[in-house]
Amino acid sequence: MEACTAVEREIDKVLSKFGGINDHAKRCLQDLTCHIENLKEEIGTCPENQELTAGQVLIMKQAMNKVKESVQRLAADHRDLHSTVSKVGKAIDRNFVQDFASTSREDVFSGPDKIMLLNQVICQHFIRQGMLDIVDELVAEAGVKTEPSVKEPFSALNSILDSLKQKDLTQAFDWAREHRESLEAQNSSLEFKLHQLQFISLLQKGTTGQNEAIAYARTHFSQFVGRHEKEVQNLMGMFLFLPHGISASPYAHMLEPHLWSDIVDTFTKDACSLLGLSVDSPLSVSVNVGCAALPALLNIRQVMQQKQVTGMWSGKDELPIEIELGQEHKYHSVFACPILRQQSSESNPPMRLICGHVISRDALTKLGSVNKLKCPYCPVEQNPSEARLIYF
């Protein structure tokens, strides 16, 4: 953000100077045009074959000199503007590091097996997005092995999502009825929300759709009263305001467009859950997380190079600094050793002492002797071999 702000300041200087030069050039050219037009009219009043007088020749020379001086001033202003524009490029080079390779590992995608895995991840991403034509081209060019059965569920899901975005509930209803037992097992509210939207669409017809809405409610809402009693009561309360219009009632929020975006999100979440997949594409999550973490990594890399301590971060096992990515990117708990202040890893997992306190294996090794260890948080003495590996 600081880098963007620094570049933005330079751009503001360019825009300000450009505006000033533009206004000055317009005034200057307008004055020259008026002066030359007046001179042209004055000369035009003279007889056709009459020679210019000494005074008229002097006026002509003065006009030519004025034009020449104005052109020189405008050229100088243009050169000054060019130098200001070049400072923007220098500010970009100074504030944005172009060497992203310093934060990456060359061995991550080396070898045909790893390249094939990467192509498969890219292929799965396009399948999830419904871009099957791109998938077919990638399969043909990269030789990625994909089973036709992998595409089928995503083709159906993307078709349903497209229909929901067009406010068509037919395909979504069919899918929800087909998977009703699985959806109920995971406590899904998808089917109720679909019926809610269908019911509201009937109420939007006004009093002419009242009988149809009542029949629909009697047919479909009885099965949802146990789990969605409050929501059903609110829907029934909308009948009271049909004569005057729901949009002018306390239930006007039930007509807001966000209900349709909510049903899209709910369907995506439940469908991915049934397929055993994450809601977001792993590739898109990786790219977004990398973009968020890259500025901080570039800054710390630059600082380490200036301090000549580049060997402290190999970039293999852990990051040199903690990077906060927000709640949306927290997928599991992470244990940090209270003694060494290090996050646990496969080679340094959390260990539970017999007293119940947890420290890392490295801390256990450093604190314990052959057969004696005193817990750093309580006076209990124990044998280091009694510590047990735990999983979070």
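Residues numbered from 1 in each chain as written. Predicted model: local features only at pLDDT ≥ 70, side-chain atom pairs only at ≥ 80, totals over all residues. Heavy atoms only, no water.

Q: Looking at this structure, how should I read the packing of helix α6 (residues 170-178) against helix α8 (residues 190-203)?
A: When two helices pack together, their arrangement is given by the angle between the helix axes and by the axis-to-axis distance. Where α6 meets α8, the closest approach of the two axes is 10 Å, and the angle between their N-to-C directions is 150°. Judged by the angle between their axes, α6 and α8 are roughly antiparallel. For the element pair α6 and α8, the recorded crossing hand is left-handed. Contact with α6, carried on its side by Ala172, Phe173, Trp175, Ala176 and Arg177, involves Leu190, Glu191, Leu194, His195 and Gln198 of α8 and no other residues of that element. (Axes fitted to C-alpha atoms, helices over the stretch in contact; angles between N-to-C directions. Helix = DSSP H or I, 4+ residues; strand = E, 2+ residues; numbered from the N terminus. Parallel < 35°, antiparallel > 145°, perpendicular 65-115°, else oblique. Left-handed = near helix turned anticlockwise from the far one by under 90°. Contact = heavy atoms within 4.5 Å.)

Q: Teacher, can you tell me more about the packing of aromatic side chains here?
A: Two numbers describe a pair of aromatic rings. These are the distance of the centres and the angle of the planes. In the structure shown here, the tally under the stated rule is 7 aromatic pairs. Ring centres of Phe199 and Phe221 lie 5.3 Å apart, and the angle between their planes is 70°; on these two criteria the pair is classed as edge-to-face. Taken together, the positions of Phe199 in helix α8 and Phe221 in the loop between α9 (210-220) and α10 (229-237) put the pair 22 residues apart, joining distant regions of the chain. The burial state of Phe199 is the same as that of Phe221; both residues are buried. The rings of Phe192, Phe199, Tyr216, Phe221, Phe224 and Phe239 are connected pair by pair, giving a single aromatic cluster. (Phe/Tyr/Trp six-rings, centres within 6.5 Å; stacked < 30°, edge-to-face > 60°. Buried < 20%, exposed > 50% of the residue type's maximum accessible area, 1.4 Å probe, protein only.)

Q: What is the right way to look at the sheet that holds strand β2 (residues 358-360) in this model?
A: Paired through their backbone hydrogen bonds, the strands of a sheet run either parallel or antiparallel. As summarised here, the arrangement of the 3 strands in space is β2-β1-β5, forming an open sheet in which the pairing is antiparallel. Strands at the two margins of the open sheet, each flanked by one partner only, are β2 and β5 (388-389). When strand β1 (residues 350-352) meets β2, the two strands line up antiparallel, connected through 3 bridges. The residue bridging Met351 from the neighbouring strand is Ile359, located in β2. (Pairing = 2+ DSSP bridges.)

Q: Could you clarify how one ought to interpret the pattern of salt bridges in this entry?
A: Pairs may arise between side chains of opposite charge once their charged atoms sit close together. Under the defined criterion, the tally for this structure stands at 4 salt bridges. For the salt bridge of Asp174 with Arg177, the shortest nitrogen-to-oxygen distance reads 3.4 Å. In this pair, Asp174 and Arg177 are both assigned in helix α6, 3 residues apart and thus about one turn of the helix distant. Assessed through its relative accessible area of 44%, Asp174 is described here as partly exposed. For Arg177, a relative accessible area of 42% gives the class partly exposed. (Salt bridge = Lys/Arg side-chain N within 4 Å of Asp/Glu carboxyl O.)

These results come straight from atomic positions and should not be treated as a statement about function.
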